[in-house]
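Coordinate inspection notes
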Amino acid sequence: MENIDDTDKLLLRALQADASESLETLAARASISVNTCWRRVKRLEEAGILQKRVALIDPERVGLGQTVFVAIRTREHSAGWVERFAKAVRAIPEVVEFYRMAGDVDYLLKVQVGSVQDYDRVYRDLISRIDLADVSATFAMECIKNTTELPL
């Protein structure tokens, strides 16, 4: 871990829980001055530890309540193919997470859609963009835990 101390961890935990907290609130929580708090947060941003601050949206309330995990196997592994594949996947907004894997599956996608029909449209879009050996979808029945907070 980079040069972060207990105060930095406290600030990071607080920002993960609620990035809209004021500097004054964060400073009080950490028992430091507002200026010191601002400098620490700025340093964490500049170091790339604190990447960005976002709003989390309830997918159900915006009509995107179906989570699909898509396992992909491929016959091709060349650098050029991987670049084309990554570009194709990044162009599909419903793909919210994208991983290269070790083991039996080459790539894993997390897709957020409103319905099975919406997933089918995403699937057809994906296979029209690039040749894949096998695409297998698993539909989540229930989300039991979902957090963006890292255990610092």
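Residues numbered from 1 in each chain as written. Predicted model: local features only at pLDDT ≥ 70, side-chain atom pairs only at ≥ 80, totals over all residues. Heavy atoms only, no water.

In this section: the pattern of salt bridges. In total, this model carries twelve salt bridges according to the counting rule given. Residue Asp-5 pairs with Arg-40 through a salt bridge whose shortest N-O separation is 2.9 Å. Of this pair, Asp-5 sits in the segment before α1 (6–17) while Arg-40 sits in helix α3 (residues 34–46), and the two are 35 residues apart along the sequence. Judged by relative accessible area, Asp-5 falls into the partly exposed class, the value being 34%. Residue class for Arg-40 comes out buried when judged on its relative accessible area of 19%. Lys-110 is the salt-bridge partner of Glu-97, the closest N and O atoms lying 3.6 Å from each other. Of this pair, Glu-97 sits in strand β2 (residues 95–100) while Lys-110 sits in strand β3 (residues 107–113); the two residues are 13 residues apart in sequence, bridging distant segments of the chain. Each member of the salt-bridge network shares a partner with another, and the members are Asp-5, Asp-8, Arg-40 and Arg-43. (Salt bridge = Lys/Arg side-chain N within 4 Å of Asp/Glu carboxyl O. Helix = DSSP H or I, 4+ residues; strand = E, 2+ residues; numbered from the N terminus. Buried < 20%, exposed > 50% of the residue type's maximum accessible area, 1.4 Å probe, protein only.)

Within the fold, Val-135 resides in strand β4 (residues 134–139). Sequence-distant contacts of Val-135, that is, excluding residues within four places in its chain, are made with Val-70, Ala-71, Ile-72, Tyr-119, Tyr-123 and Ile-127. (Contact = heavy atoms within 4.5 Å.)

Here we come to a nonpolar patch on the surface. Residues Ile-57, Val-62 and Leu-64 make up a contiguous nonpolar surface patch of roughly 270 Å² in combined accessible area. When you line up the elements, Leu-64 lands in the loop between α3 and β1 (66–73). (Patch = residues over 30% accessible without salt bridge, like charges linked within 9 Å, V, L, I, M, F, W, Y side chains within 5 Å. Areas by Shrake-Rupley, 256 points an atom, 1.4 Å probe, with all protein chains shown as cover.)

Geometric descriptors of this kind do not, in isolation, establish any biological role.
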